[in-house]
Amino acid sequence: MSNSDKTTSLEASFVDAFEAYAGKPPPANAPMPVNGLAPLNAMQGFRRQAMERFRELGIPSRKNEAWKYTHIPEALARGFAVFTGGSIPDPGAAETAQCALAGLDAHIVVLVNGRFASEHSLIGNLPEGVAIGGLGTAASTHPDILRNHFGRYASWEEESFTALNTAFASDGLFVYVPKGKVIEKPIHVINLQKTNERLFLQPRHLLVFEGNTQAKIIDTSCALTGDATFTNAVTETFVGERAMVEMYLVQDPGNDHAVVSTTHVYQDAASTFTAATVTFTGAVVRNNLNVLPNAPHCETHLYGLFLPSGATQVDNRTLVDHAQPDCVSNELYKGVLNDRASGVFNGKVFVRQDAQRINAFQENKTIVLTNEATMNAKPELEIYADDVKCSHGATTGQLDPEALFYLRSRGMTKQQAQGMLLHAFAGDILNRISIEPLRRMLDERVTRLFGE
Amino acid sequence: MAILQINNLHARIEEQNILKGVDLTVAAGEVHAIMGPNGSGKSTLASVLAGREEFEVTDGNVLYEGQDLLEMEPDERALEGVFLAFQYPVELPGVSMNNFLRQALNQQREYRGEEPLSAGAFLKRMKQCAAFVDLDPQLMSRAVNDGFSGGEKKRNEIFQLAMLEPRLAILDETDSGLDIDALRTVADGVNALRRNDRSFVVITHYQRLLDYIIPDAVHVMVDGRIVRSGGKELALDLEEKGYDWIREETVAV
Ligand SMILES: Nc1ncnc2c1ncn2[C@@H]1O[C@H](COP(=O)(O)OP(=O)(O)OP(=O)(O)O)[C@@H](O)[C@H]1O
Ligand SMILES: [Mg+2]
């Protein structure tokens with residue numbers, strides 16, 4: 001079978017699944033509040049259009065420049081059933097508890113296969129007007145918020161995976177923080193995967209932080225499943241005027257799970273948005289992080305740490321689109337590639353014509369530990385304004401032999417010396433994580449990984 | 001028994017022969033100075049002794065306490081008591097002094113079958129040794145050599161020497177870049193570390209250091225060989241006459 005035949009049949013399976021899904025209401029016996037189609041009226045209008053657009057765009061193959069290094073058709077070829085609700089095996093309280101972070105006092109939101117699981121979530125007390133829960137429920141409790149924000153930032157017209165997600169979207173995380181509210185504790189989203197068959201999961205998240213709000217979100221994955229999954233997640237985030245939002249995404253589902261994660265962030269005036277994406281495992285991991293600081297005096301910090309081994313592919317794409325003046329963006333992605341792992345960093349920064357006095361910095365540093373591991377780094381700066389300060393750079397190399405020798409000359413084994421240097425390398429990102437229990441967990445994970 | 005015995009050592013890097021037959025014997029408790037013009041191979045000798053893999057030994061051998069030193073991995077040499085104070089100490093951003101020293105020290109202790117030091121004992125030891133070479137204790141909370149001044153880096157090497165208590169310490173130009181007072185402090189530190197079961201090989205360009213650290217022998221390395229050895233007065237001759245007279249005599253011989 002030729003490659004294109006394969007791709008076509010892959011798309012056909014999604015089209016079939018869509019017809020079956022769109023044509024019928026959610027099963028009455030669903031254990032979770034699935035809220036299938038009806039409540040999401042805000043998006044009902046373009047569900048079918050999105051599917052049509054997906055059919056046109058197709059599953060990106062390697063011939064597509066933007067997907068050259070991420071082998072999506074190969075990952076999909078294993079065959080996944082599109083999850084559209086139905087019965088979900090109960091993960092159980094004990095199993096769920098092991099996915100929490102030690103020492104973290106948080107508003108815990110549990111999503112099972114992308115569906116909000118209220119019985120496992122521990123949301124706790126919230127300031128007045130703040131909502132944390134499932135998007136499916138929010139469609140009926142917060143219809144105006146959905147109408148104003150859903151589908152506004154993530155472009156299903158342009159992105160195949162966003163189109164696919166939009167066509168099926170029915171549940172995921174919903175956070176709404178009205179004007180002036182501060183959420184002191186982090187919101188911890190635990191993405192549980194629990195299934196006895198290969199599932200294609202499509203959580204859809206909507207996070208709305210109005211003016212002068214503050215919040216921190218942690219998103220972790222926890223695979224309890226015996227079988228492989230492919231997750232196509234889409235997150236839309238609105239960061240209002242002078243709001244301060246931090247988002248931490250930890251990807252460690254195990255090497256049997258593929259992930260395409262697309263995040264769109266809209267920043268209003270003088271807001272600060274910080275994201276850190278930390279990737280350890282995954283069959284294929286593709287992260288699209290797009291930020292639009294669409295008003296003056298915004299601050300954007302994007303950090304990434306990818307530490308894949310085995311045959312894992314990690315593909316990080318970022319876009320910061322400076323459409324407005326007097327903003328700062330700062331981006332640092334670091335990677336360590338072991339075994340046959342591959343990494344991609346493609347960071348685009350646009351500075352539009354009227355976006356004067358922009359400071360934009362971008363850096364990617366990768367250490368390649370073996371001859372089989374490969375890294376493709378492509379920082380891209382496109383500047384159309386004249387009064388800007390921008391820099392970008394990418395380095396890929398090995399550990400410094402001088403540094404290794406220095407450590408070994410003090411009695412450290414090769415392994416220890418390497419571990420120490422890699423840990424220091426990763427520490428540069430970890431030390432920017434402001435939630436101590438999360439930083440500690442990641443630090444321990446890194447220590448275990450590098451066997452110091 | 002000699003702690004170090006180097007016989008006819010030849011080494012090269014990238015097809016370039018650097019060491020061309022070095023012979024040197026250092027007895028336990030002795031201090032030997034090696035002097036010689038730039039590029040003569042002094043640091044190369046130090047690197048080969050410490051185990052740098054970039055250098056290829058093409059002939060000769062080295063016995064350390066009777067064992068074949070060249071067979072050992074760099075960390076094994078360190079654990080066996082060989083210490084190199086680097087001419088250019090490496091900066092290790094992100095690796096804290098504290099963690100680095102604790103690991104290094106505990107490796108040594110484990111090798112000797114001793115328990116790791118308690119946090120308290122370790123801290124005490126660190127403070128004592130830092131005071132010993134007048135190293136600012138503030139530096140302990142920083143990353144290894146990261147942003148240290150030239151002098152601080154050199155002191156840090158001797159500080160580590162004091163912490164790790166080697167039996168053979170090779171000091172590669174520890175004096176260069178030190179001001180007069182620092183030189184004095186470092187030399188006093190080295191003198192205080194002298195013991196009858198600890199030997200030093202001190203590479204230097206300046207006789208001045210040898211006013212403080214009185215050597216048992218002085219060797220002159222020229223073009224990858226030790227061409228002359230003598231007592232401490234040889235250093236004075238070199239200071240006065242430079243290396244040319246030795247070169248001329250060597251050629252004449
Ligand atoms: N990594 C290397 N690659 C190529 N040549 C090298 C390397 N290291 C040393 N050399 C060469 O070996 C020779 C000896 O160098 P070495 O550093 O041992 O001299 P030295 O006696 O310590 O000099 P100095 O007094 O300046 O410190 C020099 O010609 C130097 O260029
Ligand atoms: Mg030298």
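Just above sits the structure.
The notes below deal with the structure included here. (Residues numbered from 1 in each chain as written. Chains lettered and ligands numbered in written order. Predicted model: local features only at pLDDT ≥ 70, side-chain atom pairs only at ≥ 80, totals over all residues. Heavy atoms only, no water.)

**Digging into the interface of chain A and chain B**
Point 1. Contacts between the two partners involve 18 residues from chain A, matched on the other side by 33 residues from chain B.
Point 2. Between chain A and chain B lies a buried interface of about 2000 Å² when both sides are counted; carbon and sulfur atoms form 60% of it.
Point 3. If you sort the residues of chain A by the area they bury against chain B, Phe405(A), Tyr406(A) and Arg410(A) come out on top, with a joint share of 38%.
Point 4. The tally of links between chain A and chain B comes to five salt bridges.
Point 5. In this structure, Arg408(A) engages Glu53(B) in a salt bridge whose closest nitrogen and oxygen atoms are separated by 3.5 Å.
Point 6. At the junction of chain A and chain B, the tally comes to eleven residue pairs in polar contact (both at pLDDT 80 or more).
Point 7. Secondary-structure elements contributing two or more residues to the side of chain A that touches chain B are helix H8 (401-408) and helix H9 (414-430) of chain A.
Point 8. At seven residues, the largest contribution of residues to the side of chain A that touches chain B is made by H8(A). (Contact = heavy atoms within 4.5 Å. Buried area = accessible area lost by both parts, 1.4 Å probe. Salt bridge = Lys/Arg side-chain N within 4 Å of Asp/Glu carboxyl O. Polar contact = N/O pair within 3.5 Å; in protein donor to acceptor, adjacent residues only side chain to side chain. Helix = DSSP H or I, 4+ residues; strand = E, 2+ residues; numbered from the N terminus.)

**Quick look at the coordination of the magnesium ion (ligand 2)**
Residues and elements named next belong to chain B.
Point 1. Summarising the metal site, the magnesium ion (ligand 2) is bound by the protein donors Ser 43 (OG) and Gln 87 (OE1), whose distances to it range over 2.0 to 2.2 Å. Of this pair, Ser 43 sits in helix H1 (residues 42-50) while Gln 87 sits in the loop between strand S6 (82-85) and strand S7 (92-96); the two residues are 44 residues apart in sequence, bridging distant segments of the chain.
Point 2. Since its relative accessible area comes to 14%, Gln 87 is described here as buried. (Donors = N, O, S within 2.8 Å, 3.2 Å for Na, K, Ca; no water. Buried < 20%, exposed > 50% of the residue type's maximum accessible area, 1.4 Å probe, protein only.)

**What about the pairing of strand S1 (residues 2-13) of chain B?**
Residues and elements named next belong to chain B.
Point 1. As defined by bridge partners, S1 adjoins strand S2 (residues 16-27) across nine bridges and the pair is classed as antiparallel. Its bridge partner lying in S2, Gln 5 is registered against Thr 25.
Point 2. Following S1, the chain reverses through two residues before pairing antiparallel with S2; Glu 14 in that reversal takes a positive phi of roughly 45 degrees.
Point 3. Examined bridge by bridge, S1 and strand S4 (residues 56-64) share seven bridges and lie antiparallel to one another. (Pairing = 2+ DSSP bridges.)

**Digging into the state of the cysteines**
Residues and elements named next belong to chain A.
Point 1. Within this structure, the stated rule accounts for one disulfide over all chains.
Point 2. Between the sulfur atoms of Cys 99 and its disulfide partner Cys 222 the distance amounts to 1.9 Å. Of note, the bridge from Cys 99 to Cys 222 carries an S-S torsion of about -70 degrees and is left-handed in sense. With Cys 99 in the loop between helix H4 (93-97) and strand S2 (107-112) and Cys 222 in strand S9 (residues 214-223), the pair connects residues that are 123 residues apart, well separated along the chain.
Point 3. On the basis of relative accessible area, Cys 99 is assigned to the buried category, the value being 8%.
Point 4. Among the cysteines around Cys 298, which has no disulfide bond, Cys 327 carries the closest sulfur, lying 4.4 Å off.
Point 5. Free of any disulfide, Cys 390 has its nearest neighbouring cysteine sulfur in Cys 327, separated by 12 Å.
Point 6. For Cys 390, a relative accessible area of 25% corresponds to the partly exposed category. (Disulfide = S-S within 2.5 Å.)

**With respect to the pairing of strand S17 (residues 328-337) of chain A**
Residue and element names in this part refer to chain A.
Point 1. Most of S17 is tucked away: eight of the ten residues are buried.
Point 2. Here eight bridges tie strand S15 (residues 299-306) to S17, and the two strands are oriented parallel to one another. Bridging across to S17, His 301 finds its partner in Asn 330.
Point 3. Note that S17 and strand S19 (residues 358-368) share ten bridges and pair parallel. Residue Leu 332 lies in a different strand from S19, and its bridge partner there is Glu 363.

**Observations regarding the environment of Phe54(A)**
Residues and elements named next belong to chain A.
Point 1. Along the chain, Phe 54 falls in helix H2 (residues 41-57).
Point 2. With 103 residues separating them in the primary sequence, Phe 54 and Glu 157 have C-alpha atoms 8.4 Å apart.
Point 3. Once residues within four sequence positions are removed from consideration, Phe 54 is found in contact with Glu 11, Phe 14, Ile 59, Ser 160, Ala 163 and Leu 164.

**Notes on the site of ligand 1**
Residues and elements named next belong to chain B.
Point 1. The environment of ligand 1 is made up of 16 residues, and the closest members are Gly 39, Lys 42, Ser 43, Thr 44 and His 205.
Point 2. At 3.2 Å, a backbone N or O of Ser 40 approaches an oxygen atom of ligand 1.
Point 3. Gly 41 places a main-chain nitrogen or oxygen 3.0 Å from an oxygen atom of ligand 1.
Point 4. When the free accessible area of ligand 1 is taken as 630 Å², the share hidden by the protein chains comes to 66%.
Point 5. Elements that contribute at least two residues to the shell around ligand 1 include exactly S2 and H1.
Point 6. Sorting elements by how many residues they give to the shell around ligand 1 places H1 first, with three residues.
Point 7. Of the residues that constitute the shell around ligand 1, the class distribution is four nonpolar, nine polar and three charged. (Near = heavy atom within 4 Å. Areas by Shrake-Rupley, 256 points an atom, 1.4 Å probe, with all protein chains shown as cover. Nonpolar A, V, L, I, M, F, W, Y, C, P; charged D, E, K, R; others polar.)

**Topic: the packing of aromatic side chains**
Point 1. Going through the model one piece at a time under the given rule, you end up with 15 aromatic pairs over all chains.
Point 2. Considering the side-chain rings of Phe14(A) and Phe54(A), the 5.7 Å spacing of their centres and the 85 degrees angle between planes classify their relative orientation as edge-to-face. One end of the pair, Phe14(A), is in helix H1 (residues 3-22); the other, Phe54(A), is in helix H2, and 40 residues separate them in sequence.
Point 3. Since its relative accessible area comes to 0%, Phe54(A) is described here as buried.
Point 4. On the basis of an interplanar angle of 25 degrees and a centroid distance of 5.1 Å, the ring pair of Phe200(A) and Phe230(A) is categorised as stacked. Of the two residues, Phe200(A) sits in strand S7 (residues 199-201) while Phe230(A) sits in strand S10 (residues 229-239), which places them 30 residues apart along the sequence. With respect to burial, Phe200(A) and Phe230(A) carry one shared label: buried.
Point 5. Aromatic ring contacts, followed pair by pair, group Phe14(A), Phe54(A), Trp67(A), Phe80(A), Phe161(A), Phe200(A) and Phe230(A) into a single cluster.
Point 6. For the cation-ring pair, Arg286(A) lies above Trp67(A), with the distance from its terminal atom to the ring centre recorded as 3.6 Å.
Point 7. Between Arg208(B) and the ring centre of Tyr206(B), over which it is positioned, the NZ or CZ distance is 5.6 Å. (Phe/Tyr/Trp six-rings, centres within 6.5 Å; stacked < 30°, edge-to-face > 60°. Lys NZ or Arg CZ within 6 Å of the ring centre and 35° of its normal.)

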